Each structure stands twice: as structure tokens, then as C-alpha cells.
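# Results of the structural survey
The chain contents come next:
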Amino acid sequence: MLVLPVKPAVRYDLGNALGKWLDSDHHISFEPRNPLQFVLPKPDFRSEGCREDRLRLQALRNSISDALLKRISHKHALEDGVLDDLHEYHATLLAFEKRGFPTIDDNDSGIRITWKEAFEDHKQEEHSTLIWDRACVLFNIVALLTAQADCCDSTNRES
């Protein structure tokens, strides 16, 4: 069975970066390359208005990052319940996107989300959008599910 490698997250203080973005005067210069792209206006509240949400987002990202950087990360991640954290982090990112947080890759936003490549060692990719973060989370969910399926007994339908 094919087991996808995980895509480890590089530790990053996303909560504070989003707080600085909220408190800044930076506005998105939207030039749609895709007319179907959905972009909400920047929220009108400041960083203190969502402090607890940002802290939760940061805690989830740190937990995921630490688990996926371990040796034999599939095994550790499944044992540590990281699959549940990935689902929760995905839902949290989606909620942030619906509130108007960065959904386009705007280099001037001050947000730098970095994930390591799954298939090539020592290669990283960096973006400034929560959509990129969410896509990487979905990739890791699939990678862990393939590892989980590989551990199942193929003769037992219940497992």
C-alpha cells in the first residue's frame, strides 16, 4: 500500500503575526487573477478582540509542528492523536478565513507560513495565506490516513 509522507510545518508564531496584521493599516490590494476567488474585507476589530482564538490557533499549530517533525512521524502522530488536532486546526483556519483573515498570497501582509516539502528533503515553501496552511493540513490528514490504513488488517473488515 502507498503511504504518503507527511509535510512538516516549520514552527512559526502565527497567532502574533495575525495580531500584528490586524493592528496594522495594511489593506489587501486585490487584483483578481481568478474571478471566482472569494476574498472578504479585513476584519474591523483589533487583535485583542480575538486573542483567545489566536492563542488556540497557535497552540494547535505548535502541537502539529512538533509531532510531524519527530522521527517516524506517522507512528508518533497517530499515537499522539495529531489526526484530531489536524481536523481541529483545519476547522479553525476555515473559521478565520470566513472572518476575513488573509486568503490571498500578499507578500506585504507580514505573514510567512512555511511548510517543508513532503517528497524532497531540505526544501521548504513559504506563503502568506491561510489557504496554503489549510491545504498542507489536508495533505497531512490524507498522509496519516494512508498510514493508518496501511496498519489495518486487510482480512478484518472492522479494522
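Here is a short report on the structure shown in this document. Once a new chain begins, its residue numbering starts again from 1 and follows that chain's sequence as written. Confidence filtering applies because this is a predicted model: local features only for residues at pLDDT of at least 70, side-chain atom pairs given and counted only at 80 or more, and all residues used for totals across whole chains, interfaces and linings. To obtain the side-chain values, all non-hydrogen atoms of the structure were used and water was disregarded.

## Topic: the nonpolar core
The condition that has to hold: For this analysis, a nonpolar core means a set of buried residues of the types Ala, Val, Leu, Ile, Met, Phe, Trp, Tyr and Cys, connected via side-chain atoms within 4.5 Å. A 1.4 Å probe rolled over the protein chains alone gives each residue an accessible area, and that area as a share of the maximum for its type sets the label: buried under 20%, exposed over 50%, partly exposed in between. The secondary structure listing takes helices from DSSP runs of H or I that are at least 4 residues long and strands from runs of E that are at least 2 residues long, numbered from the N terminus.
The biggest cluster of nonpolar side chains holds 32 residues, and the ones touching the most others in it are Leu14, Tyr89, Phe101 and Trp115. Looking at this core, the elements that each hand over two or more residues are helix 1 (14–23), helix 2 (51–68), helix 4 (82–98), strand 1 (113–116) and helix 5 (130–151). Residue contributions to this core peak at seven residues, all from helix 5.

## Quick notes on the pattern of salt bridges
This is how the line gets drawn: For this analysis, a salt bridge means a side-chain nitrogen from Lys or Arg found within 4 Å of a carboxyl oxygen belonging to Asp or Glu.
According to the stated counting rule, one finds nine salt bridges in the structure shown. Between Arg61 and Asp133 there is a salt bridge, with its nearest N and O atoms 3.4 Å apart. Within this pair, whereas Arg61 is found in helix 2, its partner Asp133 is found in helix 5, the two being separated by 72 residues in sequence. Across the pair, Asp133 and Arg61 agree in class, each one buried. Taking the shortest distance from any N to any O, the salt bridge between Glu126 and Arg112 comes out at 3.8 Å.

## Digging into helix 4
Defined as follows: Between the first and last residue of a helix there are one fewer steps than residues, each counted as 1.5 Å, and that sum is the expected span. Whether two residues touch is decided by their heavy atoms; if any such pair falls within 4.5 Å, the residues are in contact.
An ideal rise of 1.5 Å per residue puts 24 Å on 17 residues; helix 4 measures up with 24 Å between its terminal C-alpha atoms. Turning to helix 4, its buried residues are Val82, Leu83, Asp85, Leu86, Tyr89, His90, Thr92, Leu93, Phe96 and Glu97. On its buried side, helix 4 packs onto helix 1, helix 2, helix 3 (73–79) and helix 5. Backbone geometry just after helix 4 places Gly100 at a positive phi near 105°.

## A closer look at the environment of Gly15
Assignment of secondary structure puts Gly15 in helix 1. Judged by its relative accessible area of 4%, Gly15 falls in the buried class. In this structure, the C-alpha to C-alpha distance between Gly15 and Ala59, residues 44 residues apart in sequence, is 8.8 Å. Contact partners of Gly15, with chain neighbours within four places excluded, come to Arg54 and Gln58.

## With respect to helix 1
For helix 1, a buried count of seven out of 10 residues is recorded, marking the element as mostly surrounded by other parts of the structure. Leu14, Gly15, Ala17, Leu18, Gly19, Trp21 and Leu22 are the residues of helix 1 that are buried. Summarising the contacts, the buried residues of helix 1 are in contact with helix 2, helix 4, strand 1 and helix 5.

## Quick look at the packing of helix 2 against helix 4
Worth spelling out the cut-off: Here an angle of 0 to 180 degrees is reported between the N-to-C directions of two axes, which are lines fitted to C-alpha atoms, with helices fitted over the stretch in contact. Less than a right angle of anticlockwise turn of the near helix away from the far helix marks a crossing as left-handed, whereas a clockwise turn marks it as right-handed. Note that Gly is not counted as nonpolar here; it falls among the polar residues with everything else outside the nonpolar set of Ala, Val, Leu, Ile, Met, Phe, Trp, Tyr, Cys and Pro and the charged set of Asp, Glu, Lys and Arg.
At their nearest, the axes of helix 2 and helix 4 sit 10 Å apart, and the two run at 140° to each other. For the pair helix 2 and helix 4, the sense of crossing is left-handed. For the pair formed by helix 2 and helix 4, the contact residues are Asp53, Arg54, Arg56, Leu57, Leu60, Arg61, Ser63, Ile64 and Ala67 on the first element and Val82, Asp85, Leu86, Glu88, Tyr89, Thr92, Leu93 and Phe96 on the second. When grouped by side-chain class, the residues that make up the contact of helix 2 with helix 4 number nine nonpolar, two polar and six charged.

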